[in-house]
Amino acid sequence: MNNGNSNAPQRATITYTAPHTFLATEHWKQVYAALLSQLPLRNLHWKSASRPNIRTIQELDVNLVPAEGRRDEHTSQIPQTVLEKPLLNAYIVVCDDAETYKNTVKKQIKDWHTSATQRKNQEWLIIHVVRPDSKAAAQRMFQMKTSVLDKIRADFNMEKKDRCVQLVWSYDSQDNLTVWAELINKLKEGILSAFDTAITQREDEVKRSEGQRQMPGWNFCTFFILKESLATSFEGMNLHDDALETYNELEALFFEVLKEKNLSWFGTLITPAPKDDSVPLLSTSKKPYRDLILANTISIFDFRIYLLARQCAILHNMHHLIEVAQKSVAFLGAFGRRLREVEDSLPKFFVESWTYASALSVVEQCDAWAKGLEFPKVALASFNALKGELVELARHQLDTIGIRVGHLPNRPPFSIGLPSQVSQTLGKSVSNRTSLQISQGEVVKALSDKDAFFTLYVKITNRAIELYAAAGRRKFALKMHGSLAALDVHRDRLTNALQTFSSLPAHYAPHGWTSLEAYMLCQALDIHSSVGKARDRDWVYILLDFLKAYIQDLGKELLMVESDHMNYVTDLVEALRVAAQSAPSEMTHHDHPAISVTISDGNARTAEGRDGAVLDVILNNMLPCPLPMDEVSVSLSGRDGSKIHFVENVKSLSPGKNKMPLFCHSAAAGTYSLHSAQIKMSNLTLQWVHSPPPTGKASRAKRPPVLVRIPKDLHAVDIRLRQSQRIQLGKTPSIVAVFTPGRNHIRTATVKLTAPSGIQFKFGEASLLSASNGELVTSDDSITLSGVELNTSVSISIPHSDASAFHAMRVNIIVEYTTTAEPDVHRTLQLVRFVLTALPVAINVEDFFRGTRLFTRFTLSSTSPQHVRILTTDLISQGKGNDGLKIVRSRSQTRRLTTITPAQPGRFLFQMDSVRGQERDPLHLRITYRMLREEVEQVIESVIDTVLEASESSRTKRPEILEILVQALEKDASWVSLYELTGELVIPNVSTEDEGIGEALDEIKKMLNQPRQLEEFSSEWREIVIPVDVPQMHILASASLQIASNPFSRDPARSLDLFAGQPIHAILTIRTSFHWAPTEDSHTSSYQMRFDIEEMSKDWLVSGRKRGDFTALDNNTFTTSVTLIALHHGELPLPKVAVTALPIPGEGRMKAPLLPSCETYQVHGAQTVLVLPRGGRSTFVVNMGESP
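From a predicted model like this one, the values you see are computed outputs, not experimental measurements.

(A) Expanded view of the pattern of salt bridges. Under the definition given, this model contains 45 salt bridges. Salt-bridge contacts for Glu-228 lead to Arg-290; the nearest nitrogen and oxygen are separated by 2.6 Å. A residue pair is termed long-range when its members are at least 10 positions apart, and Glu-228 in helix 7 (residues 220-236) and Arg-290 in helix 9 (residues 289-294) qualify at 62 residues. Among the residues examined, Glu-228 registers a relative accessible area of 1% and is labelled buried. By relative accessible area, Arg-290 is classed as partly exposed at 26%. With a closest N to O distance of 2.4 Å, Arg-310 and Glu-235 form a salt bridge. Linking Arg-310 in helix 10 (residues 300-317) with Glu-235 in helix 7, this pair joins segments that are 75 residues apart in sequence. Per residue, the accessibility class of Arg-310 equals that of Glu-235, and both read buried. When salt bridges that share partners are traced, they join Arg-51, Arg-55, Glu-203 and Asp-242 into one network.

(B) Quick look at unusual backbone geometry. Between Leu-39 and the following residue, Pro-40, the backbone shows a cis peptide bond with an omega angle of 0°. Mapped onto the elements of the fold, Pro-40 is located in the loop between helix 2 (26-37) and strand 2 (41-46). Unusually for a residue other than glycine, Asn-238 sits at a positive phi of about 60°. Assignment of secondary structure puts Asn-238 in the loop between helix 7 and helix 8 (240-259).

(C) Quick peek at the sheet that holds strand 41 (residues 1086-1093). An order of 43-41-46 is seen for the three strands of this open sheet, with the pairing classed as antiparallel. Looking at strand neighbours, the two that pair on one side only are strand 43 (1107-1113) and strand 46 (1137-1141), the edges of this open sheet. Averaged over all pairs of adjacent strands, the angle between strand axes in this sheet comes to 30°, irrespective of strand direction. Across five bridges, strand 41 lies against strand 46 in antiparallel orientation.

(D) Quick look at the confidence of the model for the chain. In this model, the chain carries a mean pLDDT of 82, and residues with pLDDT of at least 70 account for 85%. Ranking the elements of the chain by mean pLDDT puts helix 4 (residues 135-146) last, at 45, and helix 12 (residues 350-370) first, at 94. Low confidence marks residues 557-563, where pLDDT is under 50. Its contacts with residues over four positions away, or in another chain, come to 17 contacts. With pLDDT under 50 throughout, residues 694-701 is counted as low confidence; its partners more than four residues away or in other chains account for four contacts.

(E) Region of the structure containing the packing of helix 12 against helix 13 (residues 377-405). Contact pair helix 12 / helix 13: the axes reach a minimum separation of 9 Å and the direction vectors enclose 160°. As far as their axial angle goes, helix 13 and helix 12 are roughly antiparallel. Crossing of helix 12 over helix 13 shows left-handed handedness. Facing helix 12, whose interface residues are Val-351, Glu-352, Thr-355, Tyr-356, Ala-359, Leu-360, Val-362, Val-363, Cys-366, Asp-367 and Ala-370, helix 13 presents Phe-383, Lys-387, Leu-390, Val-391, Leu-393, Ala-394, Gln-397, Leu-398, Thr-400, Ile-401 and Arg-404.

(F) Spatial organisation of the side chain of Asp-713. Here Asp-713 lies in the loop between strand 19 (707-710) and strand 20 (718-723). Reaching out from Asp-713, the side chain makes a polar contact with the side chain of Arg-743 at a distance of 3.1 Å. The residues touching Asp-713, leaving out its near neighbours within four places in the chain, are Thr-606, Arg-610, Asp-611, Gly-612 and Arg-743.

(G) Structural context of the state of the cysteines. Considering all chains together, one arrives at zero disulfides under this definition. Between Cys-366, a free cysteine, and Cys-312, which holds the nearest cysteine sulfur, the sulfur-to-sulfur gap is 7.5 Å.

(H) Fine view of the nonpolar core. In terms of nonpolar packing, the biggest core is built from 127 residues, with Phe-195, Phe-220, Met-237 and Trp-354 touching the most fellow members. The contacts of Trp-354, once residues within four sequence positions are left out, are Asp-276, Asp-277, Leu-281, Phe-301, Ile-305, Phe-331, Leu-332, Phe-335, Gly-336 and Leu-339. If you look at the next biggest cluster of nonpolar residues, it comprises 81 residues, including Ala-594, Leu-627, Ala-677 and Tyr-817.

(I) Representation of the sheet that holds strand 39 (residues 1058-1059) within the structure. The strand order across the open sheet built from three strands is 39-48-45, with neighbouring strands paired in mixed fashion. The open sheet terminates on both sides in strands that have one partner only, identified here as strand 39 and strand 45 (1130-1133). Here two bridges tie strand 39 to strand 48 (residues 1168-1172), and the two strands are oriented parallel to one another. When the bridges of strand 48 are listed, Leu-1058 appears paired with Val-1171.

(J) Broad picture of a nonpolar patch on the surface. A contiguous nonpolar patch, built from Phe-1180, Val-1182 and Met-1184 and spanning about 440 Å² of accessible area, is present on the exposed surface. With respect to the helices and strands, Phe-1180 occurs in the segment after strand 48. With a relative accessible area of 69%, Phe-1180 lands in the exposed category.

(K) The packing of aromatic side chains, seen in detail. This structure, assessed with the given rule, holds 38 aromatic pairs. With centroids separated by 5.0 Å and ring planes inclined at 45°, the aromatic side chains of Tyr-16 and Trp-28 adopt a geometry described as tilted. Taken together, the positions of Tyr-16 in strand 1 (residues 12-17) and Trp-28 in helix 2 put the pair 12 residues apart, joining distant regions of the chain. Each member of the pair, Tyr-16 as well as Trp-28, is classed as buried. Look at Phe-414 and Tyr-457: their rings are 6.3 Å apart centre to centre, the planes differ by 65°, and that puts the pair in the edge-to-face class.

(L) Looking closely at the environment of Asp-1002. Among the structural elements, Asp-1002 can be located in helix 26 (residues 998-1008). Residue class for Asp-1002 comes out exposed when judged on its relative accessible area of 51%. Considered as a pair, Asp-1002 and Ser-991 are 11 residues apart in the sequence and their alpha carbons are 9.7 Å apart.

(M) How the structure looks around helix 24 (residues 958-971). In a regular helix each residue adds 1.5 Å, so 14 residues correspond to 20 Å; helix 24 covers 20 Å between its end C-alpha atoms and thus fits that length. On its buried face, helix 24 is in contact with helix 23 (932-948) and helix 26.

(N) Here's a closer look at helix 10. For helix 10, built from 18 residues, the straight-helix expectation of 26 Å at 1.5 Å per residue is met to within 8% by its first-to-last C-alpha distance of 26 Å. With its phi angle positive at about 65°, His-319 sits one or two positions after the end of helix 10.

(O) Region of the structure containing the packing of helix 13 against helix 16 (residues 450-471). At a minimum axis distance of 8 Å, the contact between helix 13 and helix 16 shows a crossing angle of 160°. The pairing of helix 13 with helix 16 is recorded here as roughly antiparallel in orientation. At the point where helix 13 passes helix 16, the crossing takes the left-handed sense. Contacts between helix 13 and helix 16 involve Ala-381, Asn-384, Ala-385, Lys-387, Gly-388, Glu-389, Val-391, Glu-392, Arg-395, Leu-398, Asp-399 and Gly-402 on the former and, on the latter, Phe-453, Leu-456, Tyr-457, Ile-460, Thr-461, Arg-463, Ala-464, Leu-467, Tyr-468, Ala-470 and Ala-471. A breakdown of the residues in the contact of helix 13 with helix 16 according to their chemical character gives 13 nonpolar, four polar and six charged.

Parameters at a glance
Sequence positions are assigned chain by chain, starting from 1 and proceeding in written order. Local features are withheld for residues below a pLDDT of 70 in this predicted model, meaning they are given only at 70 or higher, and side-chain atom pairs are given and counted only at 80 or more; totals for whole chains, interfaces and linings count all residues. By convention in this description, side-chain values take in all heavy atoms of the structure and omit both hydrogens and water. The rule for a salt bridge is simple: a side-chain nitrogen of Lys or Arg has to be within 4 Å of a carboxyl oxygen of Asp or Glu. Strands here are runs of E lasting at least two residues and helices are runs of H or I lasting at least four, both read from the DSSP assignment and numbered beginning at the N terminus. Burial status follows relative accessibility: with a 1.4 Å probe on protein chains alone, a residue under 20% of its type maximum counts as buried, one over 50% as exposed, and anything between as partly exposed. One requirement defines pairing of two strands: DSSP has to find at least two bridges between them. Note on definitions: angles span 0 to 180 degrees between N-to-C directions of axes, and those axes are lines fitted to C-alpha atoms, for helices only across the stretch in contact. Note: pLDDT gives the predictor's confidence per residue, expressed from 0 to 100. Whether two residues touch is decided by their heavy atoms; if any such pair falls within 4.5 Å, the residues are in contact. Roughly parallel covers angles under 35 degrees, roughly antiparallel covers those over 145, roughly perpendicular covers 65 to 115, and oblique covers all other angles. Left-handed describes a crossing in which the near helix is turned anticlockwise from the far one by less than a right angle; the clockwise case is right-handed. Here a polar contact is recorded for every N or O atom pair within 3.5 Å, except that within protein the pair must consist of a potential hydrogen donor and a potential acceptor, and residues adjacent in sequence are included only if both atoms are side-chain atoms. Here, a disulfide means two cysteine sulfur atoms that sit within 2.5 Å of each other. Residues grouped as a nonpolar core are buried Ala, Val, Leu, Ile, Met, Phe, Trp, Tyr and Cys residues, joined through side-chain atoms within 4.5 Å. Nonpolar side chains (Val, Leu, Ile, Met, Phe, Trp, Tyr) are joined into patches within 5 Å and like charges within 9 Å, using only residues with over 30% relative accessible area and no salt bridge. To measure how exposed things are, a 1.4 Å probe is used in the Shrake-Rupley method; for residues, cover is taken only from the protein chains shown. By convention, a stacked pair of Phe, Tyr or Trp rings (six-membered ring in the case of Trp) has centres within 6.5 Å and planes under 30 degrees apart, an edge-to-face pair has planes over 60 apart, and any other such pair is tilted. Expected span, for any helix, means 1.5 Å times one less than how many residues it has. Gly falls in the polar group here, along with every residue not listed as nonpolar (Ala, Val, Leu, Ile, Met, Phe, Trp, Tyr, Cys, Pro) or charged (Asp, Glu, Lys, Arg).

Quick look at the structure:
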């Protein structure tokens, strides 16, 4: 039943009626206790015609009361909840006999039924209670079921709806749910039916009243009470969503009325009463709010508080405490500003005291409601954050009070949350203020006691910090820490304040709170000066962080107390310069936003007259004063990890954008990305790193790389690598480094070569080639050149370890050099070159033995896409004197120069005739060649030298002309075919903007477009020398199959006509030779061999000894005969004969047999025989029929 608490919602009520004699029995008490144990009702499903969806009531508390204990009251004019009256009236019948029912019980039920059916919006139910105590009782129960219960239903169920239910109950079946199922369902149906009828009627009344809103006499307060009865009805039925929606609609309607400024139904905005500033905000029992609303005397202040409290009470029942805190924060902020408008008519500090007490009371109420509830992690964080906002709101009231009474200074951070109305009224007296005083005890004490104020201020701030920390709102907690540090400054606790102000900015920076960060840093600087500490490394970093926040923050009024920002910042920058000069060690600060360094153009330019490159950069000084500095540098990263640095000495950087050229002494051509930029000020370095951090580390937002292209300086120092002019397999390999000084007279140049693949260079064995100039000094890890004249080249041969496992070798080159023009400038050039280590040609060898002669064919093809020009190929014997081996090279009638490609190999045939056959001196294959690119470049250089020899002015442009022509040929390969045939070099379309070389370029193109004999062109040729072993063969066999004239003739010269199907006599002759046998096997005089005539089942049938073994001797002949039968006519090739050597048994018990090598060639391999079709005559006698 209702406990009398005015805050508790009215619950649904069920009345019961029964004969007095039954109610006084112990039986009824047991039934009543058992019925109460089935409450509350669960899982009720309400389907209303006015709502599209079914509402599910998980649990419903029900008041079960006797009907005689209630008296009917006349309908009140004040709308109440529809649950004020019972929703269901029940009559309990205990009758076992039909006669008793007919004579007595029926009249009792009828009297009650007449009264119950006259009650509006209420349902009725007759409950027939039966106790099955024995078998006889069970039988009576069955009879009763067919008589008494049926009679009750027949007498009182006038409609289709069944309102009679039977409860077969005993004490033992108290916990049996099936016993109670039908009764509980009837209770649910009755309650929901009555509630639906009542609520529908009340909703119609609300709609009718709301439709009369624009008519005279309509009253918002009356309408509010009427519609609120819907909300309280829903709340009593645990339909919290509908109840909250109703209050939200009332709130929206109030705002419409407020917008229309039709507030005649309310009193004033606020009529302060004692303790209004200290009572809990969410309490609905602190004032008779409904009576004030009905009397149209409630103030807007009280009405808004009542509406908020009712909404929060429902949210509490729904366990939505986060929304309670959200609504409270929004209400206190919005209505607090409204109260500021009439602050002069309120008690002094009323708004601050009310906001302070209300915010803290909401936190306490939320904590009380949250007991026993479990929140998910994210929801708990939000809950704590909102409570932190409420406590912070209370702390802001202390800021306002402290400034107004003089406990706190009127400056940030205390004045940040100061309302504008308060700022305007500071120091002014108010004459019409009420004499009522505030009643919040902590605030009253803090007004007069400064120490109590400071204690309360620290307590509330720490409470907010704890809540923000629990919520994970780190930056809000840090803001609170900053206010405590500011309080320490105000209280002259400078040491604590300096420590706090110095540590907090590092926490603000990641979150972008630049205003607070700048304020903390400004305070730290001021306190640092006040305590007289040295301007050390920590001071420098604090100052740099302050300048960073100064640049990024737009509201600079928060940063410093000085009015002249420029003078203030100028003094700080000058102090920074002095501190940097006196710093004992180097200091580095990264990514300072006061200065930005950007690349003006993505293309650098070459320096005129000296090696190096110039890069234009733009330095943007965002400070309001010049920035002193010593040096500006930019670092670029190459694709191979190399770095180059552009540097320029600068004294000062003016405010705004400054365009500045930076110079790099050693810049290899290529595309680079911006790695970093730095500005040096004595021992302080400001650095900006643009390259992404290593993988796995946290990084800032991704930004595209800044690319810088450095052009090739054709007149600068350069070094190229190529294969040696002579490559001989079996000897130490080497590469040739071609050093070109360009425009420079080289004093010294140290060259270091390294190969990432692990190949080692033998610098101690390096040597100058015959055509080179200058002096060479070698060491274990480098070579040093000196005295190299300009516009020359130095070729150095450098041996290295074996590189046969690689097709090409990558070489990292570092050249450190000085010139006679700039002896004090030490340049370092980093280059990456690739040089082929594999042979430019692939060689395939085929050997053909013919008696004492050996034919060897070498097939050469290019191993790269480049064309290779072969001048000669020679096979040279390394024997001394007359070694008995005669080598003859095949002579071609065509031109000597041969071009080979991967798709077009070249074939070269040699004949070797061994006189004695036992000589095995090694051979060398020497290939004289050059690459097509090298040949073309040499042709172009030759023509350029010829043309420029007469022009002194154009001679210095030789590298540019050569580069233009080579690039034109690289872009278009259509000239290759004509050049290889005729030597004419047709340059594709090429143009230049340099007028000085235009005429020379035209003359060069004209001369190149002429035929020339490339075989006679004087240029460098390369050589490859490859060792070749003379092939060896144990047994050389020649097989011959010849047709004999008849089986008895040994003269094969006579030929007969051959016919298909005719037996043909053939002689098999096998001649063996040991001429090419290895020297170590020369003592073997014979071998066991086997011949096998090929099966040609489509052409020939072979009869006789088709397979057999024989003993082979040197220069001996084995002969046998076979019979062939041609299977068809035509020109038929003779069967092939396979001759193989049999294994030689090994000597000793464990020796494996040896298989001699053997090669067989078919003497008759190219011969065919003509087989004629078989001819003849046959006589046939044909019977033409019997004679007559």
